[in-house]
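# Results of the structural survey
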Amino acid sequence: HISNLCRAYINFHHGNYQEALKHAEISIASPVKSGTLDPMDKGRLIRLVACIALVTSDLEKLNKCAEDILLIDNPDNLSVLDQAKSAIKSMQLLSQGEYKKAYELAKTTIALEEASGRVGVALPFDCRFVLIRCLYEFSMIEDALAEMVRLGNEADENKMIFIKYLCQVGEIRILSRIPNS
């Protein structure tokens, strides 16, 4: 299970989201109890699948992730699992056009995760994308662009190739909305 978790993250950050999905789903769905994922790891994998669903506009998969994350027991009250639930909910709200709610939830989740020291591959990039998209929808184009550039720079520093690529595509989309750019 853990090796598939690692493979899922490695493939995602190298831009091979189809392989990432394959490894995540194998790990999540495996009936084998030996080496099972703890609630925190399972939540992270479901969150990764939700992020891929958001990027690929697979609303059915995103909604399934929103259901699945709620089924994970959290007997130790792990904040990481609560944050994964909030991140997925913010993605779901964004996909439903609930931009204000998505923005507030993503912003809160980012603040909590940054305060917990989540950096590198643990960076809350999914919530940052939600925040950026909401700024774009609010017509706060300059703010959206600044956040996209900042996230792209962090992704570059952390060798997160796929996130960097997504940021470059996002910058182009945002710049296309700015006259004479």
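Residues numbered from 1 in each chain as written. Predicted model: local features only at pLDDT ≥ 70, side-chain atom pairs only at ≥ 80, totals over all residues. Heavy atoms only, no water.

### A few points about the environment of Gln92
Our working rule: What counts as a helix is a DSSP run of H or I of at least four residues, what counts as a strand is a run of E of at least two, and both are numbered from the N terminus. Here a residue-residue contact requires only that any non-hydrogen atoms of the pair lie within 4.5 Å.
You can see Gln92 is positioned in helix α5 (residues 79–95). Linking Gln92 and His1, residues 91 residues apart in sequence, is a C-alpha distance of 26 Å. The residues contacting Gln92, other than those within four sequence positions of it, are Leu62, Asn63 and Ala66.

### Considering helix α9 (residues 161–175)
Basically, it comes down to this: Between the first and last residue of a helix there are one fewer steps than residues, each counted as 1.5 Å, and that sum is the expected span. Only protein chains enter the calculation, and the probe is 1.4 Å; a residue is then buried if its accessible area is under 20% of its type maximum, exposed if over 50%, and partly exposed in between.
Given a rise of 1.5 Å per residue, 15 residues ought to cover 21 Å, and the 21 Å separating the end C-alpha atoms of α9 matches this to within 8%. Within α9, burial applies to Phe162, Ile163, Lys164, Leu166, Cys167, Gly170, Glu171 and Ile174. Residues of α9 that are buried sit in contact with α1 (2–13), α2 (17–29), α3 (39–55), α7 (125–137) and α8 (141–157).

### Concerning the nonpolar core
What counts is decided by this rule: Nonpolar cores were defined as sets of buried Ala, Val, Leu, Ile, Met, Phe, Trp, Tyr and Cys residues, with membership established by side-chain atoms within 4.5 Å.
If you look at the biggest cluster of nonpolar residues, it comprises 55 residues, and the most contacted ones within it are Phe12, Phe125 and Ile163. Not counting residues within four places of it along the chain, the set of residues in contact with Phe12 comprises Ala20, Leu48, Cys51, Ile52, Phe125, Phe162 and Ile163.

### As for the side chain of Glu113
Stated precisely, the cut-off is as follows: Think of a polar contact as two N or O atoms within 3.5 Å of one another; within protein, one of them needs to be a possible hydrogen donor and the other a possible acceptor, and neighboring residues in sequence only count if both atoms come from side chains.
Checked against the element boundaries, Glu113 lands in helix α6 (residues 99–115). The exposure class of Glu113 is buried, given its relative accessible area of 0%. Looking at Glu113, its side chain comes within polar contact range of the side chain of Arg118, at 2.4 Å. Every residue in contact with Glu113, bar those within four places of it in the chain, is listed here: Arg47, Gln83, Arg118 and Pro124.

### Quick word on the pattern of salt bridges
Convention followed: Throughout this description, the term salt bridge denotes a Lys or Arg side-chain nitrogen within 4 Å of a carboxyl oxygen of Asp or Glu.
Tallied over the entire structure, the rule returns 12 salt bridges. The shortest N-O distance in the salt bridge between Arg133 and Glu137 comes to 2.8 Å. Placement of both Arg133 and Glu137 in helix α7 is noted, with a separation of 4 residues, approximately one turn of the helix. In the salt-bridge network here, residues are joined through shared partners; they are Arg47, Glu113, Arg118 and Asp126.

### Some details on the packing of α1 against α2
Under the convention used in this document: Only the stretch in contact is used when fitting a helix axis, every axis being a line fitted to C-alpha atoms; angles between N-to-C directions are given from 0 to 180 degrees. We call two directions roughly parallel when the angle between them is under 35 degrees, roughly antiparallel when it is over 145, roughly perpendicular when it lies between 65 and 115, and oblique otherwise. Whether a crossing is left-handed or right-handed is set by the direction in which the near helix is turned from the far one by less than a right angle, anticlockwise for left-handed and clockwise for right-handed. Any residue that is not Ala, Val, Leu, Ile, Met, Phe, Trp, Tyr, Cys, Pro, Asp, Glu, Lys or Arg is counted as polar, Gly included; the first ten are nonpolar and the last four charged.
Look at α1 against α2: their axes get within 7 Å of each other, and the N-to-C directions meet at 160°. In terms of their interaxial angle, α1 and α2 are classed as roughly antiparallel. The two elements α1 and α2 cross, and the hand of that crossing is left-handed. Along the contact surface, α1 presents Asn4, Leu5, Arg7, Ala8, Asn11 and Phe12, while α2 presents Tyr17, Glu19, Ala20, His23, Ala24, Ile26 and Ser27. Counted by class, the contact of α1 with α2 contains 7 nonpolar, 4 polar and 2 charged residues.

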